[in-house]
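# Descriptive analysis of the structure
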Amino acid sequence: MSAKDQKGLHQPNVEGLSHVEGSNVKMRSHIMLKGRPCRVTKASFAQPGKHGHIKCTFFGQDLFQSKKIQHMCTGHSRIEVPIVKKFEIALLAVSPKFFTGVYEGKEISLKFDKEDEVACTAAELFAKLNREPEMKTGKTKKAVVICILQATCGTEANFWWEWKLTRAAVQQVKPSALVVLPVVREIEETEEAEGMDADEKSDERDTKKKKKAEKKLTKKQRRQLFEAERRRKREAAKRVKAQAKKICQEEIGIIIK
């Protein structure tokens, strides 16, 4: 499936791939054959001929299509190596069109292809798990986990990403693995720029006034000022820790000691 059939696992654009020489290709490794990511199922290396070059023959299984590709080259030929990534996503909901899951606190949406055997298996396991009494009371720590394989396809002129489901199973998971964390909005560089500049100038003025006042203080007064500043920082750290503890207890259910 293409990147349009999923949301949350988008990868950056690829401008180029690494290379490996034909004589260094190993069994079960991943290489690009005719613009497709393949797993090497068979590799043969002929003896050097009169020109002194090793002749290599590779048979690869396409990672996303049920077809095999043959490729012949010399031992010093450079072959592209695809970028292959694997993810394990815990399912939260299943609809007639989409899977909804979570990966590292981020919500993921995947297209539900009814012709995909793995997708149908995941939907059946999810429905079966929801019928269990423990699931209804919220005491279970089980979840349906689906494995996703992503890899680059194409040639140097145009690369894109494809993905597929490889496995679905019921596994024991941590409670925090089923929590979707809130998305923190990134502040744009230009947002509130004037206000930030004014605050910086004000802070600089306060710092200069403070330094001038400190120069007039005696040694005892400086010590007292230092102790007061240290107490203020300790109290601020305690407040931040208490707030984080409260958020974890409410959102995730983890008790921080």
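Note that the coordinates shown come from a computational prediction; the quantities given were computed from them, not determined experimentally.

Quick notes on the rules
Residues numbered from 1 in each chain as written. Predicted model: local features only at pLDDT ≥ 70, side-chain atom pairs only at ≥ 80, totals over all residues. Heavy atoms only, no water. Helix = DSSP H or I, 4+ residues; strand = E, 2+ residues; numbered from the N terminus. Buried < 20%, exposed > 50% of the residue type's maximum accessible area, 1.4 Å probe, protein only. Contact = heavy atoms within 4.5 Å. Areas by Shrake-Rupley, 256 points an atom, 1.4 Å probe, with all protein chains shown as cover. Polar contact = N/O pair within 3.5 Å; in protein donor to acceptor, adjacent residues only side chain to side chain. Core = buried A, V, L, I, M, F, W, Y, C linked by side-chain atoms within 4.5 Å. Expected span 1.5 Å × (residues − 1). Phe/Tyr/Trp six-rings, centres within 6.5 Å; stacked < 30°, edge-to-face > 60°. Salt bridge = Lys/Arg side-chain N within 4 Å of Asp/Glu carboxyl O. Pairing = 2+ DSSP bridges. Axes fitted to C-alpha atoms, helices over the stretch in contact; angles between N-to-C directions. pLDDT = per-residue confidence, 0-100.

## Here's the deal with the overall build of the chain
Helix and strand counts for the chain stand at four helices and 12 strands. Burial statistics for the chain: of 257 residues in total, 28% are counted as buried. Residue pairs in contact within the chain that sit at least 24 positions apart in sequence constitute 56% of those at least 6 positions apart. Counting only carbon and sulfur atoms, one obtains 52% of the accessible surface of the chain, whose full area is about 18900 Å².

## Focus on the side chain of arginine 36
With respect to the element layout, arginine 36 can be found in strand β4 (residues 36–46). A polar contact is formed between the side chain of arginine 36 and the side chain of glutamate 162, at a distance of 3.2 Å. Aside from chain neighbours lying at most four places away, what touches arginine 36 is Ile31, Asp62, Phe64, Gln65, Ile69, Cys153, Trp160 and Glu162.

## Section: the nonpolar core
Buried together is how nonpolar side chains tend to be arranged in soluble globular proteins. Of all hydrophobic cores here, the largest spans 20 residues; its most connected members are Phe99, Leu110, Ile146, Ile148 and Leu165. If one sorts the elements of this core by residue count, helix α1 (residues 117–130) sits on top with six residues. When neighbours within four sequence positions are excluded, leucine 110 is seen to be in contact with Asp5, Gln6, Ile89, Lys97, Phe98, Phe99, Ile146, Ile148, Trp163 and Leu165. Membership of the second largest hydrophobic core comes to 10 residues, among which are Val25, Cys38, Cys73 and Ile79.

## Comments concerning α1
Taking 1.5 Å of rise per residue, the 14 residues of α1 would be expected to cover 20 Å, and the 20 Å separating its terminal C-alpha atoms lies within 8% of that figure. A distance of 3.0 Å separates the backbone nitrogen of valine 118 from a side-chain oxygen at the start of α1, and that oxygen is part of aspartate 116.

## A few points about the packing of aromatic side chains
Scanning the entire structure with this criterion turns up three aromatic pairs. On the numbers, 5.2 Å between centres and 90° between planes, the contact of phenylalanine 87 with tyrosine 103 is edge-to-face. Placement of phenylalanine 87 in strand β8 (residues 84–94) and of tyrosine 103 in strand β9 (residues 98–103) is noted, with a sequence separation of 16 residues between them.

## Considerations on the pattern of salt bridges
Taken as a whole, this structure holds five salt bridges when the rule is applied. Arginine 167 is the partner of glutamate 88 in a salt bridge, and the nearest nitrogen-oxygen pair spans 3.7 Å. Here the residue glutamate 88 occupies a position in strand β8, and arginine 167 occupies one in strand β12 (residues 158–172), the gap between them amounting to 79 residues. Relative accessible area serves as the criterion here: at 36%, arginine 167 is assigned to the partly exposed category. Note that glutamate 227 is salt-bridged to arginine 230, the shortest N-O span being 3.0 Å. Residue glutamate 227 and its partner arginine 230 are located together in helix α4 (residues 219–251), separated by three residues, close to a single helical turn. Through salt bridges with shared partners, one network takes in Arg36, Asp62 and Glu162.

## Let's talk about the environment of glutamine 171
Relative to the elements of secondary structure, glutamine 171 occurs in strand β12. Taking the C-alpha atoms as reference, glutamine 171 lies 8.4 Å from lysine 141; in sequence the two are 30 residues apart.

## Some words on the sheet that holds strand β5 (residues 55–62)
Ordered by their spatial adjacency, four strands build an open sheet running β3-β4-β5-β6, and the pairing between neighbours is antiparallel. With one partner strand each, in any of the chains shown, β3 (30–33) and β6 (68–74) form the two edges of the open sheet. Here the strands of the sheet are splayed against their neighbours by 45° on average, with no regard to which way each runs. Note that β3 and β4 share four bridges and pair antiparallel. Within β4, the position partnered with histidine 30 by the bridge is arginine 39.

## Thoughts on the confidence of the model for the chain
The predicted coordinates of low-pLDDT regions are not to be read in fine detail. For the chain, mean pLDDT is 79; residues scoring 70 or higher make up 77% of the total. Per-residue pLDDT, averaged within each element of the chain, yields its smallest value for helix α2 (residues 133–137) (58) and its largest for β3 (94). Between residues 183–196, whose pLDDT stays under 50, and residues either more than four places distant or in other chains, the model counts two contacts.

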